[in-house]
Amino acid sequence: MDNIPNVLAGRYASKAMRAVWSAEGRIALERDYWIAVLRAQKELGLDVPQEAIDAYERVKGQIDLDSINKREAITRHDVKARIEEFCDLAGYEHIHKGLTSRDLTENVEQLQIIRGLEIIRTKTIAALLKLADRAEQWKELVITARTHNVPAQPTTFGKRLAMFGEDLLCAARELDRIIDNYPVRGLKGPVGTQMDLLTLFGGDREKVASLEDSILDHLGVGAALDTVGQVYPRGLDFEVVSIFVRLASGPSSFSKTLRIMAGHELASEGFAKGQVGSSAMPHKMNSRSCERINGFAAILKGYLTMAAELAGDQWNEGDVSCSVVRRVFLPDSFYAVDGMLDTFLTILKQMEVYPAVIDQENQRYGPFLATTTLLMEAVKAGAGREAAHEAIKEHAVQAVRDLRSGAIQKNDMVERLAADNRLGLPAETLAQLVEEAQAMTGMAREQVENFCAAVREDAQNFPEAAGYEPGAIL
């Protein structure tokens, strides 16, 4: 059979994330889980030979996917195939006592989710720290802000970065909440009543509860669902993929904006030595990494739709109709957000800004950006508000048209306004007001500083994020 690779895993995801979701990684987690249950059962009085536990421990690293797949082809049951494989390797049949398949698969999958989320959190905090550094670096660099993609008022490039960064910061805090409160299914049996475990322990409810507590300790979680059925609510999967869409929001908006800026040569994502922008056009320096982030955002929204289809679709205590869907969107959504964050970090590390081109744009649009200030000053000088508004609009629109047609090479709106007696403002005053307005960025500096302080305060809880560096991206 052809070995068709997973594009997201092979091309974009990190080694750490692949290790969490790989077939070998999952089987390793399952075997550790089985052994943990077995140890706990022995401690609670079940007749489990220590040599059996030792034997399982010795062979747990012998993972032969081909052998397991051959067994599954016969059993038509993935968990039964993995039980048989592990027992044959160890020479004993003691694992999985009192358990149903979902006691294994649900908890192990949730452990994979938790470990994957922790990787994502580290990368998210690392991205926020780098964003804060860049925002601080360019907090004084005045640029032309745009609304509706049309020049509006002055801002700073640092403020623009902080704007997208705050979006990511809000998502990061929500990610924290999910990790801290994420509940696992625990050991509940085929329909959630724990009947088989209760039978195994001779009706001793305290031992059943102690066994579950031991497994929660093994999983490293503090919360378990209490009255769950065979499967944990698939709304939890929707919540996880939802936060991935949220995490992609800020980076994706940033990337789209940087692509627009690159088209006007105001900034770029950087261009590595030896990189090629186009096989046909040697001059091209495309924003390919930014485009990739926008693509990841689209992929995650697609997986969110898949997760939404399963939320609220549970039949009775559970079924396996969700399996094929979850086998696609669960690992792949982690691969996508993992690759997205590494790509984002790489852009933040390599991006470039071009102040000379930015200044040219500021000079072209500067008088237009001062129109609200000019309007207020004209009113203060005695002009009627609507008459002044109309005068400014007429001259601004005509100046734009003349610039676009090539009739003028420099924005002369100030001279036009000075010659219009509806405003009652002399040319010197108008010129001074425009010059001052071009440097007026409101509270942009303070907002950047507040963002940077918030990021660095939150990051203190995750010191490993400060030293994180993404691997090479294709």
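Since we're looking at a predicted model, the values are computed, not measured. Each chain carries its own residue numbering, running from 1 in the written order of its sequence. pLDDT decides what is reported in this predicted model: residues at 70 or higher carry local features, side-chain atom pairs at 80 or more are listed and counted, and totals for whole chains, interfaces and linings draw on all residues regardless. For the side-chain quantities, the full set of heavy atoms in the structure was used; hydrogens and water were omitted.

Asks: Which residues make up the nonpolar core, and what are the values?
Replies: Among soluble globular proteins, nonpolar side chains are generally buried collectively. Side-chain atoms within 4.5 Å link the members of a nonpolar core, which is a set of buried Ala, Val, Leu, Ile, Met, Phe, Trp, Tyr and Cys residues. Burial here depends on accessible area, computed with a 1.4 Å probe over protein chains only, as a share of the maximum for the residue type. Under 20% is buried, over 50% is exposed, and the range in between is partly exposed. By size, the foremost hydrophobic cluster in this structure holds 116 residues, and its most contacted members are Ile113, Leu117, Phe157, Phe244, Leu247, Phe254 and Phe334. Each helix corresponds to a stretch of at least 4 residues labelled H or I by DSSP, and each strand to a stretch of at least 2 residues labelled E; elements are numbered beginning at the N terminus. A per-element tally of this core places helix H7 (residues 101-137) first, with 16 residues. Beyond its immediate sequence surroundings of up to four residues, Phe334 is in contact with Met17, Trp21, Ile113, Gly116, Leu117, Ile120, Val240 and Phe244. One finds Ala383, Leu403, Val414 and Leu423 within the second-largest nonpolar core, a separate group that totals 25 residues. Any pair of residues with heavy atoms lying within 4.5 Å of one another is described as a contacting pair.

Asks: I'd like a description of the pattern of salt bridges, backed by residues and values.
Replies: Definition used for salt bridges: Asp or Glu carboxyl oxygen within 4 Å of a side-chain nitrogen of Lys or Arg. Under the criterion given, the structure shown has 39 salt bridges. Notably, a salt bridge pairs Glu109 with Arg26, separated by 3.3 Å at the nearest N-O pair. You can see Glu109 sitting in helix H7 and its partner Arg26 sitting in helix H3 (residues 23-43), a full 83 residues away along the chain. Relative accessible area serves as the criterion here: at 18%, Arg26 is assigned to the buried category.

Asks: Would you mind going over the pairing of strand E1 (residues 142-147) in detail, with residue names and values included?
Replies: In this description, strands pair whenever DSSP reports at least two bridges between them. Pairing of E1 with strand E2 (residues 150-156) involves five bridges; the strand directions are antiparallel. Directly across from Val142, in E2, lies its bridge partner Thr156. In textbook terms, the turn of a hairpin is the stretch between consecutive antiparallel strands, and for E1 and E2 this stretch comprises two residues, one of which, His148, has a positive phi near 60°.

Asks: Tell me about the packing of H7 against helix H8 (residues 157-181), and name the residues and values.
Replies: Where H7 contacts H8, the two axes come as close as 9 Å, and the packing angle between them is 160°. Judged by the angle between their axes, H7 and H8 are roughly antiparallel. The interaxial crossing formed by H7 with H8 has left-handed handedness. Across the interface between the two elements, Leu117, Glu118, Ile120, Arg121, Thr124, Ala127, Leu128, Leu131, Arg134 and Ala135 from H7 touch Gly158, Leu161, Ala162, Gly165, Leu168, Leu169, Ala172, Leu175, Asp176, Ile178, Ile179 and Asp180 from H8. Residue polarity is assigned by list, with Asp, Glu, Lys and Arg as charged and Ala, Val, Leu, Ile, Met, Phe, Trp, Tyr, Cys and Pro as nonpolar; anything else, Gly included, falls into the polar class. In terms of residue class, the contact of H7 with H8 is built from 14 nonpolar, three polar and five charged. Between N-to-C directions, angles cover 0 to 180 degrees, with each direction set by a line fitted to C-alpha atoms, over the stretch in contact for helices. Working rule for angles: under 35 degrees goes down as roughly parallel, over 145 as roughly antiparallel, 65 to 115 as roughly perpendicular, anything else as oblique. Definitions for this section: a left-handed crossing has its near helix turned counterclockwise from the far helix by less than a right angle. A right-handed crossing has that turn clockwise.

This is a description of form; function is not addressed.
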